Protein chains: 2
Amino acid sequence: MITPQTLKGFRDFLPADAIKRQYAITIIRKTFESFGFEPLETPALEYLETFSGAIGEDEKLFFKFEDQGGRNVALRYDQTVPTCRVIAQYPEDIKLPFKRYQIQTVWRSEKPQKGRYREFLQCDADIFGVENRTADAETVALSIQIYKNLGFKRPIALINDRALYTGVPYAAIVVIDKLGKIGEDGVVSELTRKGYTKDDAEKLLSDTKNKKPNKELETIFSYLDSYGMNDNYRFEPTLARSFSYSTGTIWEIIDPNFASGSLCGCERFDSLVSRFSNRSVSGVGFAVGFDRTIIAMEELNLFPPLTTATAVVVTVFNESLLPNAQKIASKLRAAGLATDLYPDPTVKLDKQIKYAVNKGAPYMIIQGPDEAAKDVLQLKT
Amino acid sequence: MITPQTLKGFRDFLPADAIKRQYAITIIRKTFESFGFEPLETPALEYLETFSGAIGEDEKLFFKFEDQGGRNVALRYDQTVPTCRVIAQYPEDIKLPFKRYQIQTVWRSEKPQKGRYREFLQCDADIFGVENRTADAETVALSIQIYKNLGFKRPIALINDRALYTGVPYAAIVVIDKLGKIGEDGVVSELTRKGYTKDDAEKLLSDTKNKKPNKELETIFSYLDSYGMNDNYRFEPTLARSFSYSTGTIWEIIDPNFASGSLCGCERFDSLVSRFSNRSVSGVGFAVGFDRTIIAMEELNLFPPLTTATAVVVTVFNESLLPNAQKIASKLRAAGLATDLYPDPTVKLDKQIKYAVNKGAPYMIIQGPDEAAKDVLQLKT
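Values in this document were obtained by computation on a predicted structure and should not be read as measured data.

Considerations on a nonpolar patch on the surface
A contiguous nonpolar surface patch, about 290 Å² in accessible area, is contributed by Tyr363, Leu377 and Leu379 of chain A. If you trace the backbone, leucine 377 of chain A turns up in the loop between α12 (369-374) and β15 (378-380).

Shown next, in the form of structure tokens:
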């Protein structure tokens, strides 16, 4: 006999959880489409070279192997890089500007810990082929709208521009990005370990904190204002986003009522497509951190009471009344109600009732012989 | 520069195709739920031993490798075996009967050919823990209803019972299963190659063709009749289903107007859970062949005219009118219309119009300065 077990960092989603996930995915998908973004799907497996060199220091996190044909392949590590490949691969089909969303699983061989898994869902939206900051404003607005539609009271986009870090080495940007986690003392001491003097480190941090928005950011802010999102963004000069490919606008979505960090990471990236093509195609967009978003929704009680996809369980009083139960189920299904007909007429009614209760179905129907004769039924809640 | 390419047998779905797939998935998901089935998700990677030994002769088709921790792992080969693992792994959470559906990707290292890929979607529904044939009738009815809801005029379930093959060796069952593809002569000659005399082979085939439904099948047929599905099934004594784990009821869905074979494979399987547990838990259900179903829907013109998720493109006449365009887009989105605001106000109007036409959006909105002054707009179709 084989021990039933899942691999470390991988999860089963039993119905109650799968239903919650589906509820959130449906809202996210609809919001993407409400902003004119189109769905795209790319394969779970790609040639390793598609990813390698694009992600920076994270390549040890690839799930990679040699396939039966001796090809070096990797599981989808992110969705932005494959989309850049798609744009280069189908120049006739993909017209610019290209607004696409993608809701698929990605795999990273991280050390599993609370809230961090080796297999997780990403919900991405990006605009490709627009340098004008209107595209940034549209994607910021979309990222805010997603959290509004999920029920968050006041999602806030913390916005910055990588251009404000001109002249700052990438290694220092990575340290400043940790400010929220390790605090100012932590940043200064980590910078000094990287070769800064204490004075220089303190000056870099204080200069960063005192930066003012540039013209590009002001443009984005005024667009957000005309969307009526005045309360949903904030200039945050210490926000750095640690991806090496980030350029221009960077932002994250937080909720003041959720303390465990940002829900969504977002940036402009203007050179990724050129890995695959001579075309220079800029991009701007974000990835919803789906697991963290679900955790926040649970903490903030944003899910409706969902434990089952079923609205009503039709019980079967006995085998000879099964055709009646089937007719009732047919009618309810035709009326659009998710209807579970108990699948075994030989099982006693009390066990069937227990099944309906366990399942959490809001309604249950019982029709005994007397009721069947009168063509009526009992509806229990 | 990296050549942008996909691996053999793997596909990108650009928006027009992704939208079609999503259209079909939504109908299938709703139909599953309308019959009281609950969603389940399992990981893409499992311990290799979860799959090995369960599938029979197909193990060379596994995508398997050693992960960074030295574990032998395999990509999800099917969804029935992982569900059996789940039932064994969470005895407290999974109450029987358990009706679950699963819509996830599976991977098989097959030789790619027309309509056969190495990565493809499966849509499964199964009832676990019910030996009574009412469960079989429910899943047959569900499989028919899916194709009705997808728009097929007259989907037909070809139904048989593996019990009618009692005494016939599995190797011969596999041959008879090919009858539709290789014809009677093909079956007879392949059976002789497997050691049958020509007379015995002919007798086996003719006996098989002349079988009559057993009591269990009659029960299922009468359930289907009371669902009003009299025209949607047929007893088919030569149907064999080549899976070694099939027991009891077996069926496939075909459409008489679609010549390229069955759309959905279905069976009872009464011993799979026992691989993982001492509990004996029977199962019955099916997997929608999603790719073939999509091909059939295209052939039979069952898709509505879908090329974009976007209902309307709002153009931006010039940069100073962008706030007006944003207000129009906001209102339309709030009214539930998928609204694409052109993301670059510096681009000339004719190029924006071309974008909307290319995208296939049914409506386009233009508001110039005169119209903005009067607070009206032009709606173009």
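Some remarks on the relation of the copies chain B and chain A
Least-squares fitting of chain B to chain A yields an RMSD of 0.1 Å, with the transformation described by 0.0 Å of translation along the axis and a rotation of 180°. Taken together, the turn and the small shift mark the pair as related by a two-fold rotation axis. For chain B, the minimum C-alpha distance to the rotation axis belongs to phenylalanine 65 of chain B and amounts to 3.3 Å. The fraction of interface residues of chain B whose copies in chain A are also interface residues reaches 100%, indicating that both copies meet through the same surface.

Re the UniProt feature "binding site: L-histidine" (unreviewed entry) in chain A
All names here are of chain A. Mapped onto this structure's residue numbering, the UniProt feature "binding site: L-histidine" (unreviewed entry) falls at Asp78, Gln79, Thr80, Arg108, Gln122, Asp126 and Arg241. Structurally, threonine 80 can be placed in helix α3 (residues 80-89). Threonine 80 gets classed as buried once you look at its relative accessible area, which sits at 9%. Here threonine 80 is in contact with Arg100, Asp124, Asp126, Tyr245, Phe269 and Leu272, once residues within four sequence places are set aside. Note on aspartate 126: relative accessible area 2%, which makes it buried. What aspartate 126 contacts, discounting residues up to four positions off in sequence, is Phe37, Thr80, Phe98, Lys99, Arg100, Phe269, Val284, Gly285 and Phe286. Within the local environment of aspartate 126, its side chain forms a polar contact with the side chain of arginine 100, the two groups lying 3.0 Å apart.

A few points about the packing of aromatic side chains
Enumeration according to the criterion identifies 23 aromatic pairs over all chains in this entry. Centre to centre, the rings of tyrosine 147 of chain A and phenylalanine 152 of chain A are 5.2 Å apart; their planes meet at 75°, and the pair counts as edge-to-face. Considered together, tyrosine 147 of chain A and phenylalanine 152 of chain A belong to a single accessibility category, that of buried residues. Their ring planes at 50° and their centres at 6.2 Å tell us that phenylalanine 32 of chain B and phenylalanine 286 of chain B sit as a pair that is tilted. Linking phenylalanine 32 of chain B in helix α1 (residues 15-34) with phenylalanine 286 of chain B in strand β11 (residues 283-289), this pair joins segments that are 254 residues apart in sequence. Like phenylalanine 286 of chain B, phenylalanine 32 of chain B is buried.

Things to note about the interface of chain B and chain A
Between chain B and chain A, the residue contacts involve 97 residues of the former and 97 residues of the latter. Across the chain B to chain A interface the summed buried area is about 8400 Å²; carbon plus sulfur atoms make up 57%. At the boundary of chain B and chain A, one finds 10 salt bridges. Of the charged contacts in the structure, one is a salt bridge between aspartate 12 of chain A and arginine 85 of chain B, with a shortest N-O distance of 2.8 Å.

Thoughts on empty space enclosed by the protein
Sizing a probe to match a water molecule and rolling it over the atoms shows the empty space that remains. All names here are of chain B. As enumerated under the stated definition, the model contains 1 cavity of 30 Å³ or more in all. Its volume calculated, the largest cavity comes out at about 50 Å³. Looking at the largest cavity, the residues that line it are Val314, Thr315, Val316, Phe317, Leu321, Asn324, Ala325, Ile328, Ile365, Ile366 and Gln367. Among the elements of the structure, α10 (322-334) and β14 (363-366) are those that each provide at least two residues to the lining of the largest cavity. Tallying contributions element by element places α10 first for the lining of the largest cavity, with 3 residues. Split into classes, the residues belonging to the lining of the largest cavity amount to 8 nonpolar, 3 polar and no charged.

A short note on the sheet that holds strand β2 (residues 45-47) of chain A
All names here are of chain A. As summarised here, the arrangement of the 3 strands in space is β2-β4-β3, forming an open sheet in which the pairing is antiparallel. Of all the strands in the sheet, just β2 and β3 (64-66) have a single pairing partner and so form its edges. Between one strand and the next, the sheet's axes are offset by a mean angle of 35°, whatever the strand orientation. Taken together, the 3 bridges between β3 and strand β4 (residues 72-75) define a ladder with antiparallel strand orientation. The residue of β4 that forms the bridge with lysine 64 is alanine 74.

Some points on the pattern of salt bridges
As enumerated under the stated definition, the model contains 44 salt bridges over all chains in all. As a salt-bridge pair, arginine 11 of chain A and aspartate 291 of chain A come within 2.9 Å of each other at their nearest N and O atoms. With arginine 11 of chain A in the segment before α1 (15-34) and aspartate 291 of chain A in helix α9 (residues 290-299), this pair connects stretches of sequence that are 280 residues apart. Of the two residues, arginine 11 of chain A and aspartate 291 of chain A, neither departs from the other in class, the shared state being buried. Arginine 100 of chain B is the partner of aspartate 126 of chain B in a salt bridge, and the nearest nitrogen-oxygen pair spans 3.0 Å.

A closer look at the environment of serine 226 of chain A
One can find serine 226 of chain A in helix α8 (residues 215-226). C-alpha of serine 226 of chain A to C-alpha of leucine 341 of chain A: the two residues are 115 residues apart in sequence and 52 Å apart in space. In contact with serine 226 of chain A, other than residues within four places in its own chain, are Pro323, Gln326 and Lys327 of chain B. At 3.1 Å, the side chain of serine 226 of chain A forms a polar contact with the backbone oxygen of tyrosine 223 of chain A.

Thresholds, definitions, all that
Residues numbered from 1 in each chain as written. Chains lettered and ligands numbered in written order. Predicted model: local features only at pLDDT ≥ 70, side-chain atom pairs only at ≥ 80, totals over all residues. Heavy atoms only, no water. Patch = residues over 30% accessible without salt bridge, like charges linked within 9 Å, V, L, I, M, F, W, Y side chains within 5 Å. Areas by Shrake-Rupley, 256 points an atom, 1.4 Å probe, with all protein chains shown as cover. Salt bridge = Lys/Arg side-chain N within 4 Å of Asp/Glu carboxyl O. Helix = DSSP H or I, 4+ residues; strand = E, 2+ residues; numbered from the N terminus. Least-squares fit on C-alpha atoms with pLDDT ≥ 70 in both. Contact = heavy atoms within 4.5 Å. UniProt positions renumbered as here; feature names shortened; annotations may be inferred. Buried < 20%, exposed > 50% of the residue type's maximum accessible area, 1.4 Å probe, protein only. Polar contact = N/O pair within 3.5 Å; in protein donor to acceptor, adjacent residues only side chain to side chain. Phe/Tyr/Trp six-rings, centres within 6.5 Å; stacked < 30°, edge-to-face > 60°. Buried area = accessible area lost by both parts, 1.4 Å probe. 1 Å grid on protein atoms, 1.4 Å probe; cavity = no way out; pocket = protein on both sides within 12 Å on 5 of 7 lines; lining within 4 Å. Points joined across faces, edges and corners; volume = space filled by probe spheres on them. Nonpolar A, V, L, I, M, F, W, Y, C, P; charged D, E, K, R; others polar. Pairing = 2+ DSSP bridges. Axes fitted to C-alpha atoms, helices over the stretch in contact; angles between N-to-C directions.

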